[in-house]
Amino acid sequence: MKDLRVARALATVEDLEALETDVLAGFVLARAAAGLSDGTISSDMVHLEQVRAWFGRPLWEMEPADADTYFGKVLRATAKGTRPAGAPAIKTFFPAQATPTA
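Fair warning: this is a prediction, and the values are worked out from it, not measured in the lab.

### Thoughts on the overall build of the protein
Stage number 1. A count of helices and strands for the protein gives four helices and zero strands.
Stage number 2. In summary, the protein has a C-alpha radius of gyration of 17 Å against a globular reference of 13 Å for 102 residues, an excess of more than 25%.
Stage number 3. By principal-axis analysis of the C-alpha atoms, the protein measures approximately 60 × 40 × 30 Å.
Stage number 4. Looking at the protein residue by residue over its 102 residues, the buried ones come to 22%.
Stage number 5. Residue pairs in contact within the protein that sit at least 24 positions apart in sequence constitute 46% of those at least 6 positions apart.
Stage number 6. By element, 60% of the accessible surface of the protein is carried by carbon and sulfur atoms, the whole surface being about 7,700 Å².
Stage number 7. For the protein, the distance from the average site of its 11 positive side-chain charges to the average site of its 13 negative ones is 8 Å.

### Details of the pattern of salt bridges
Stage number 1. On inspection of all chains with the given rule, the structure shows three salt bridges.
Stage number 2. Where glutamate 20 meets arginine 52, a salt bridge forms, and the shortest distance between an N and an O atom there is 2.5 Å. Placement of the pair is glutamate 20 in helix H1 (residues 13-33) and arginine 52 in helix H2 (residues 38-55), with a sequence separation of 32 residues.
Stage number 3. Classification of glutamate 20 by relative accessible area gives buried; the value is 12%.
Stage number 4. The exposure class assigned to arginine 52 is partly exposed, which follows from its relative accessible area of 24%.

Cut-offs used in this document
- The residue numbering used here restarts from 1 in each chain and proceeds along that chain's sequence as written.
- Local features in this predicted model are restricted to residues whose pLDDT is 70 or higher, and side-chain atom pairs enter the listing and the counts only when it is 80 or higher, whereas totals over whole chains, interfaces and linings include all residues.
- Excluding hydrogens and water, the side-chain values take into account all heavy atoms of the structure.
- Under the DSSP-based scheme used, a helix requires at least four consecutive residues in state H or I and a strand at least two consecutive residues in state E, with every element numbered from the N terminus.
- Radius of gyration means the value over C-alpha atoms here, while the globule rule gives 2.2 Å times the residue count to the 0.38 power.
- Only protein chains enter the accessibility calculation, which uses a 1.4 Å probe; a residue whose area is less than 20% of its type maximum is buried, one above 50% is exposed, and one in between is partly exposed.
- The contact criterion used throughout is that any non-hydrogen atoms of two residues lie within 4.5 Å.
- Shrake-Rupley sampling with a 1.4 Å probe provides the accessible areas, and residues are treated as covered by the protein chains on show and by no other component.
- When charges are counted, neither His nor the chain ends are considered; positive counts come from Lys and Arg and negative counts from Asp and Glu.
- Lys charges are placed at NZ, Arg charges at CZ, Asp charges at CG and Glu charges at CD.
- Throughout this description, the term salt bridge denotes a Lys or Arg side-chain nitrogen within 4 Å of a carboxyl oxygen of Asp or Glu.

Below, the structure written as structure tokens:
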């Protein structure tokens, strides 16, 4: 039996890249399982890949302020229709934050 208390080595760059690929593949599979068209899924992926390229780090590290910067500053020079087109993909990729109840 393996001791679960043994510390694992830090994740390598390759490990993180593989995890990011798996997370995005899971996103695609979930969207397909929900019955979305290939075109919609492809469009979502294009938007996520654009945000990822700009961000330069895995999307799970992205904070709301980063999204504000992306949509408010980075996309400012793009066509008006382009700005809101990427928002649904980002909103779907990031689950809604639960708000505490009193």
